[in-house]
Structure formats: structure tokens, C-alpha cells
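Read off the chains here:
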Protein chains: 2
Amino acid sequence: MNTDTLNQTNAASSEVVLKSTLAKQAAPRLSLLTSEQKNKALLLMADALVAEAPSIMLANAKDLQRGQESGIAQSLLDRLALNEQRIAAMAEGLRQVVELPDPIGDTLEEITRPNGLHIRKLRVPLGVIGIIYEARPNVTVDAAALCLKTGNAVVLRGGSSALSSNERIIEVLHAALAKSDVPADALQLVTDPSRSSVDEMLTLNGLLDVLIPRGGRSLIQNVVNNATVPVIETGAGVCHTYVDASADYEMALKIAINAKVQRPSVCNSMETLIIHERFAAAHLAAIADQFTALNVELRGCAEAQKLVPAIKPAAGEDWDTEYNDYILNIRIVSGLDEALEHIRHHSTLHSECIVTEDEANAVRFLQEVDAAAVYHNVSTRFTDGFEFGFGAEIGISTQKLHARGPMGLPALTSTKYVVRGNGQIRG
Amino acid sequence: MNTDTLNQTNAASSEVVLKSTLAKQAAPRLSLLTSEQKNKALLLMADALVAEAPSIMLANAKDLQRGQESGIAQSLLDRLALNEQRIAAMAEGLRQVVELPDPIGDTLEEITRPNGLHIRKLRVPLGVIGIIYEARPNVTVDAAALCLKTGNAVVLRGGSSALSSNERIIEVLHAALAKSDVPADALQLVTDPSRSSVDEMLTLNGLLDVLIPRGGRSLIQNVVNNATVPVIETGAGVCHTYVDASADYEMALKIAINAKVQRPSVCNSMETLIIHERFAAAHLAAIADQFTALNVELRGCAEAQKLVPAIKPAAGEDWDTEYNDYILNIRIVSGLDEALEHIRHHSTLHSECIVTEDEANAVRFLQEVDAAAVYHNVSTRFTDGFEFGFGAEIGISTQKLHARGPMGLPALTSTKYVVRGNGQIRG
């Protein structure tokens, strides 16, 4: 933080600036704590959530009532609602984070130079992480836990529909932190529900080290397009499954159905099924029947419609749409090259799959497709920090810098070179 | 690249968009080449530079003449000027890059999950890298070499003062690439000298994967503040050396002088010397004499001026200024805590040093100072990819995401998860 930032802090007095300043001031102390000190704080947080479940549910009831009055969708109300089980699950999540290895202080490289310099590259916290997210109050607890475990202070800006719940949760967590060595100021919640509090966070260079947006496309695009603070982009997934000529029918069907309907609302679900023309000639009718029986609306290219007239025509933008819904595009191709071409033009570089028994085609697909995760004979639904065995996930990065794909604890760290010598100077 | 980007590409026809599109189209082919194929191209490029030295110097003469006519500073003309030795050095740089290990394809993690999924995390190219830089034409060759070696296409936007030199260099390199397996389109030079060509690059999401600005503060700030393409920030260094009470006088003097005057124009040179009050009482007069003899102008806090009246008062902004010149701030402190506080407020998180014989103070400094490189009893001038033994350097990152400190070849890579199975679906 240089003088400019300090002046800015003094001159302005918005909630975002004040709370970010407190987080920034707490970050150095937090960064020096041992894993034991941080874990003790996380366990106190878990216990406090369980003990305070009634008051948290009371606050949640206010959010639910406000939501009902303002007519938000039932699906959003469902995601917003807290009960004892959900609060217990949040506490259990905290205890799982305690069990994870702490990456801070790990030595990533060690170099001794001919001139005697000893260089160590160490993992260190990022500093202060800003997280901008939407409705679900469990993100408040998750994000706080992952940031604190990695020695980072955190400024949370949750959705206004969960404000009462989030405020109560943060009060409870602050009371728990007061009994620990983790400075309570390291955990901040922005309560200003206006859009301007988000806008302010986007350009708070010097106070916030990183921004992680979590939510829908418009939230993420707003952050990516307007932030001057470095961003880790998460989320958008237009994912494809390509069924090659040699694919095993049963396997292909099982993988395609899983990728589409096991949980259509998430970013790693499939939006477009690409099928080799020979496989399609033999099996598209049966596949279409299966999807239709599962209430999936089918849209497709002209070839697909020729084979199965019930398939509706896909419009141009359909091929680039993340439906997050029971809708599937079907594209028939002449072979792997055309499939790769389609993916190159329409992929959001998230998760892409080939189903094939042809090893050469599998290898080409895995090499040539540029995405965070590429799959051979596996549903794209596995792109997930827990499924990869990371034990935690702050999100799925769809950018290429810093972290790509499911992000575990190391994605919340930076590095520092520690160099020791005995008077070396440069010639 | 989704449909939006394609439409944008079709609608616009600026040089930046056209050349970035060509680079984007070449990137997949380049990403699949072996190390041998890429190295062969780099050697051809080196040979071509040497063979075409006369025509490159001819083009350079045009830049120099234009520079003289427009009255640019002699120091800039010196940096711009090419001769046979400098061109041979560029070729030698290319040959050194050939010798470096190729990080592409390296396995960073390998996981087998209980359900049989086999997950490998591989290093892959970033895609297309945009580099925005200033005068020196050797950056054109360096940056091209490092990007191509790591399988990345590159769009170079050099300073207009070196335009003729850069155009000829790129012609020579393109002719060399035509004899190799590296697609010549993977190497692009933007020749539009107007500011708008830079502005266009900043928001070319979908065509450019990363931007790396290299140059002065205003160039870097423009990129950081206005880019929507992810940026690797390099450069600005307000670096401190703290001389502790227990420091060895000869060592402290040697390190401080090296950090300031060995090459004042670079980012890892020292701008402020912080001195413990006891050490200052004993040695500041002698230290000031040494710096004055080296033509370094001294500015300082009130305490420093009391000890050495010849020291001028430092104004508020001096403590945050990267002089890149023969000017040094001197700050007297009561001890380590005050030194850490000063650094926390004024550091650009680049390179920071403590000179001390007190191990506990050294450890505290190395732990508590948040910077890309922290030093004990070593000049800050060592923050450099070559000095760290990386064999190459695309710049020194002063951000915390992706890469921090000197960036070797791995900083120009991303990762990809390759997942293989036999029909796994998510339950």
C-alpha cells in the first residue's frame, strides 16, 4: 500500500474502503500464523455455527420473507433457505478444511547458485481476497474457511437476498475468531446491497490483491470487464461430448445422459452432443428417445433433424449458449476433425469429452482440445475439486493464468523468493 | 473463440485484429510441435539474424535518423542502436533459449482416484501472448524466442521509435520460420504506431490470452488499468535496503552501493536506504561521503539531515518514487519494526533487503516483508531470471497471481487436466 492508497483511504469512508483497509491491516498478522493456530480458529467457527444455528435460522427467515415478498423464484428461495442440516453441513465443511494440508510455507524450489546465493521459492498467502457472489449463504462460510486456512484476509460481498443470513453468520464467526489467534478483522462482509459496492471493489488496487467472482454469467462478465484488481475468472461452461464412430454404445449413452441430466444447472454439464455420422445413423434415434424420456428438449443441426425429425432446429446462438437446463444441442459431424473444429469455435475451454474405442483419436482429442479439463470415456461432470481429490474447491477457473480448472487451496496462494547470502553484490 | 469474437473479427479489419486472428489460428498447430521442431526454428532464426545483419542495420539507421530528427534523448538512441555485436548477441540469446528445457508437456501432478479415474495435470502453452513494449529492438527477438519455445503464438507491439528495425527483424525471422515447422503466422508484429493499436490489444479477449507489458510506469499502468485481457504486470520497483544495528559496516556499504549505482535505471535497484539509528550515528557520515563521491544525490528524513546536514529533505512523494537515477532517499529508524512499517507503506513488493548479523531479525524480515524477492545480506540487484539461473527472463512480475518475481519459461505456460477412464459417470 503506497501513499496514494493511504490518502484514498483517508479521504473516502465508504464501507468497502473501510472494511478492505481493516482486512489489509490484519493480513500481515494472519499470514504469520501456524497451521495449528488457523485450524483452531476454523474449529471454533464450526462449533459456533452449530451452537448458533437457531439465531442464524431466525436471520435466514427474514431473508426468505423478503424474498417471498419481492417475488423471487422458488428455486432461488430453495437455495437461500437454511435449516439445521444445512448449517451442520457448513460446520462439517469447516472441519474438512481443517484436515487439509496447509500449503503456506511449502518450498516449491530450492536453488544454490555458483556465487553462493541460496534461493528458496516459498508459498505465501495472496494477501486480501475479494469474493463477489450470489445467493447461497453457505458460500460465505466456505469462502471464509478456504481464505483463512491459506492465511488470506477476505472481503466477502454476497448477494443482497442473503444479507440478513450473511450478517448473522459473520457475527457468529467473528465471535468465534475473538477466541482464536486469527484477527477477526481478517474476515469482512460488505453489507451495502447497492451495485456501487461491487463497482468499488473492482478497482481497489492496493487494498485487494485478487478478486474471485462466483455466480452467473453477468456477474462474472461485469467483474472481468471492469476490474483493475487481478481476477480469477470462474464458471461459464459450454461443454461438449463427442461420440466417435468407434464408441461403445452403452458407454456413450451413459456418459451423455450423466453429463446432461445428473445436474443440468452446473457449469460442467454438457450443452452439446457431437456425434460421428456413422454412429448417429445407427444410434441417434435411440439416443433421442432416451433424452426425450428424461424431458430433455433436443435441438440440432440439419443432419440430426434428417435422422430424427422430432429434433428442433438449433439457432446460431444455441451453439454458444450455456443452457444450465434440460436442453441439448446435437451436432452430426463427418469425423474427428470436424468435431475438433466445432469445439474450437464454441468451447468456453471448460470441460470437453471424447467417447471412443480408438486410442489414436483419443490421444488427438486430449492433445488438441484446449480446455481446463479434457476427458476420454468419462462424464464431464467430474470437473470438480472434490472429485479430483483436492478436498476443497473455491471455484473452477476458466482462465489460463495462475490456476486452471478446479481450484484447491494452492490456487489461493502466491509465492515469494527468499534469498540469503553473505554480502554478494552484482558485478 | 466463440461466435461473438468471430463476428467481431469479420466486422473489423484493423491490423491488430487481423494479425491477432492469424496468430490465434496458428496457435493450435504450434502447440503440438515437439521441442526438436521448435528448437530447429530458433536456430534458423539465429542464423538468419546473423546473415541479415547488414539489412537490419540499414533499417536501424532509418530509426536512428528519425529519432535524431525528432530529438529523442541520446540515452534512448543508444538503446535503439544496433551493430554487428548487438545483432550477434541477439542470435546468441536465441541459441541459449534452444538449450533450455522445454516445459510443455511436463506432468505436474498425477492422481488416480478410487473410481479409477486417471488424472494428469500437464503444462500447455497459454495460446497467444500479446507483448507491448518500448524502444529496444532486442526485446523483439527475445520475446519471440521465449514465446515460440513455449509453444505460444505472439503478437508484438513495439515502440514506434524502433519500427523500421522491428519490421526488418520480423521479415528476417519470418523467412527463417518458412524453412521450419513453426507456422510463420505464429509471430506477428503490429506496425500501426498509433496509441489506438495498443488500446485495441487491451480488450481483444478471445484472440489474445495474455498481455505482458514491458516498459516504463505509464505504459504498464495503461495496460493494467484498461485491459480486459488478463495481464502479467511487470516492472515498477521502489526497493529498500534496511541496514540493521548489527550490520557489518563493510558489507552494508558494499551492498548499498551495488544496489544503488551498479545500474540505477533498472527496477531492482535501490531507491531508499533505511538505517538503524545506532548504525547511522556511527556510519552515516561515511556512507553519505561514499555516495556523494559516486554522484548520488541524497535526500532524507529529518534525523538523517541532523546527522549529515548535506542531505536534502525528502518530500512526501520521494518515498514512493522510482527514481531510476542517481538519487537516494535515506530514512533513519529506531529499529526493525519501524523499518518494516516503512517498507509496508512504500514498497512496490518487488525486492527488499536486510543487512544484519542478527539471525532473528533476518528471519523476521524475510518472513514479514511481502515482496517478490526478499534478501538477507545480498544486493537487490540479483532479482533477475539469469541471476536466479533460469537461463531466460520474459520480465519480473510484480503481481501475486500466476507468476511472481523473475519469470522463466514456465511463466509462459498454463496447465490442462487430462482425465482418462472407462465409462465413469457421476452419482
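Residues numbered from 1 in each chain as written. Chains lettered and ligands numbered in written order. Predicted model: local features only at pLDDT ≥ 70, side-chain atom pairs only at ≥ 80, totals over all residues. Heavy atoms only, no water.

As recorded by an unreviewed UniProt entry, chain A carries the name Gamma-glutamyl phosphate reductase and is attributed to Paenibacillus piri. Of chain A, the UniProt comment under Sequence similarities (unreviewed entry) reads exactly: "Belongs to the gamma-glutamyl phosphate reductase family." Within the UniProt record for chain A, the comment given under Subcellular location (unreviewed entry) is "Cytoplasm". (UniProt positions renumbered as here; feature names shortened; annotations may be inferred.)

K.L.:
Account for the pairing of strand β11 (residues 327–333) of chain B, with residues named and values stated.
P.N.:
A regular strand places its side chains on the two faces of the sheet in alternate fashion. Residues and elements named next belong to chain B. Taken across its 7 residues, β11 has 7 buried, putting it largely inside the fold. Of the two faces of β11, the one carrying Ile-327, Asn-329, Arg-331 and Val-333 and the one carrying Leu-328, Ile-330 and Ile-332 are both buried. Relative to β11, strand β9 (residues 297–300) is paired through 4 bridges, and the arrangement is parallel. Bridge pairing in β11 links Glu-297 to Ile-327. (Buried < 20%, exposed > 50% of the residue type's maximum accessible area, 1.4 Å probe, protein only. Helix = DSSP H or I, 4+ residues; strand = E, 2+ residues; numbered from the N terminus. Pairing = 2+ DSSP bridges.)

K.L.:
Hey, could you go over the pairing of strand β13 (residues 373–378) of chain B for me, with residue numbers and the actual values?
P.N.:
Where burial is concerned, most of β13(B) is hidden: 6 out of the 6 residues are buried. As judged from the 5 bridges shared by strand β16 (residues 413–424) of chain A and β13(B), these two strands associate in the parallel manner. From the neighbouring strand, A:Val419 faces β13(B), where its bridge partner is B:Tyr375.

K.L.:
Tell me what's going on with the pattern of salt bridges, and back it up with residues and numbers.
P.N.:
Two side chains bearing opposite charge may form a pair once their charged atoms approach each other closely. Counted according to the given criterion, the structure contains 46 salt bridges over all chains. Two residues, A:Glu297 and A:Lys312, come together in a salt bridge whose shortest N-O distance is 3.6 Å. Here the residue A:Glu297 occupies a position in strand β9 (residues 297–300), and A:Lys312 occupies one in strand β10 (residues 312–313), the gap between them amounting to 15 residues. According to the relative accessible area criterion, A:Lys312 is partly exposed, its value standing at 43%. Where B:Asp384 meets A:Arg426, a salt bridge forms, and the shortest distance between an N and an O atom there is 3.4 Å. Of the two residues, B:Asp384 sits in the loop between β13 and β14 (395–397) while A:Arg426 sits in the segment after β16, which places them in two different chains. Taken as a pair, B:Asp384 and A:Arg426 share a single burial class, namely buried. Each of A:Asp209, B:Asp370, B:Lys400 and B:Arg404 takes part in one network of salt bridges that share partners. (Salt bridge = Lys/Arg side-chain N within 4 Å of Asp/Glu carboxyl O.)

K.L.:
Can you tell me about the relation of the copies chain B and chain A, naming the residues and giving the values?
P.N.:
The second copy of the chain is related to the first by a rotation about an axis and a shift along the axis. For these two chains of identical sequence, chain B goes onto chain A by a turn of 180 degrees and a shift of 0.0 Å along the axis, with RMSD 0.1 Å. The transformation relating the two chain copies, once decomposed into turn and shift, fits a two-fold axis. Minimal C-alpha separation from the rotation axis in chain B is found for B:His402, amounting to 1.7 Å. A shared binding surface is used by both copies, with 100% of the interface residues of chain B retained as interface residues in chain A. (Least-squares fit on C-alpha atoms with pLDDT ≥ 70 in both. Contact = heavy atoms within 4.5 Å.)

K.L.:
So what about the interface of chain B and chain A? Which residues, and what values?
P.N.:
Each partner contributes residues to the interface: chain B has 77 residues there, and chain A has 77 residues. Approximately 6,600 Å² of surface area, both sides summed, lies buried where chain B meets chain A, with 52% of it carried by carbon and sulfur atoms. Three residues, B:Leu401, B:Tyr417 and B:Arg426, lead the burial of chain B against chain A; their summed loss comes to 13% of the area buried on that side. Connecting chain B to chain A are 8 salt bridges. The shortest N-O distance in the salt bridge between B:Glu387 and A:Arg426 comes to 3.3 Å. In this structure, the connection of chain B to chain A is made through 47 residue pairs in polar contact (both at pLDDT 80 or more). At 11 residues, strand β16 (residues 413–424) of chain B tops the list of elements feeding residues into the side of chain B that touches chain A. (Buried area = accessible area lost by both parts, 1.4 Å probe. Polar contact = N/O pair within 3.5 Å; in protein donor to acceptor, adjacent residues only side chain to side chain.)

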